[in-house]
Amino acid sequence: MNHVMDEIEARAHRQLHRMRELGERMAAIRVRETSTDGAITAEVDGNGALCDLVFTTTVSRMSPRDFEQLLVATAAQAAARAFAERAELVNAFNAEGADLPR
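Below is a short write-up of the structure.

What counts as what
- Residues numbered from 1 in each chain as written.
- Predicted model: local features only at pLDDT ≥ 70, side-chain atom pairs only at ≥ 80, totals over all residues.
- Heavy atoms only, no water.
- Helix = DSSP H or I, 4+ residues; strand = E, 2+ residues; numbered from the N terminus.
- Rg over C-alpha atoms; globule rule 2.2 N^0.38 Å.
- Buried < 20%, exposed > 50% of the residue type's maximum accessible area, 1.4 Å probe, protein only.
- Contact = heavy atoms within 4.5 Å.
- Expected span 1.5 Å × (residues − 1).

Here's the deal with the overall build of the protein
At step 1: When helices and strands are tallied, the protein shows two helices and three strands.
At step 2: Ordered by position in the sequence, the α and β elements of the protein form the string α-β-β-β-α.
At step 3: By the compact-globule yardstick of 13 Å for 102 residues, the protein is too spread out, its C-alpha radius of gyration being 21 Å.
At step 4: Dimensions of the protein, computed from the C-alpha atoms along their principal axes, are close to 75 × 20 × 15 Å.
At step 5: In the protein, which comprises 102 residues, the share counted as buried stands at 25%.
At step 6: Put simply, of all contacts in the protein between residues at least 6 apart along the chain, 52% involve residues at least 24 apart.

What to know about helix 1 (residues 2-27)
At step 1: If you check helix 1, its first and last C-alpha atoms are 37 Å apart, about what 26 residues at 1.5 Å a residue would give, namely 38 Å.
At step 2: Of the positions making up helix 1, those classed as buried are Arg-18, Leu-22 and Met-26.

Here is the structure:
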């Protein structure tokens, strides 16, 4: 009976370690995307939250509408890449979990 409990405890510790590692890796995601004209660079985290914005002088020649559209599109592209990175981490986590001894 002790052997069974030891196995259950070891499995729980492995899972906890893996979950913490996944959380740390997801929290470390940062994606930078630059617009095709180089005017705007947006950086987002793994949740798609905006962390940084960089503008070049090119934005001063844009209409407010063009600036707004380019900003939103650039940030959305960064967020999509961040979400793709998160998905890869989760898929790898799930695939690895399927290979763990039970």
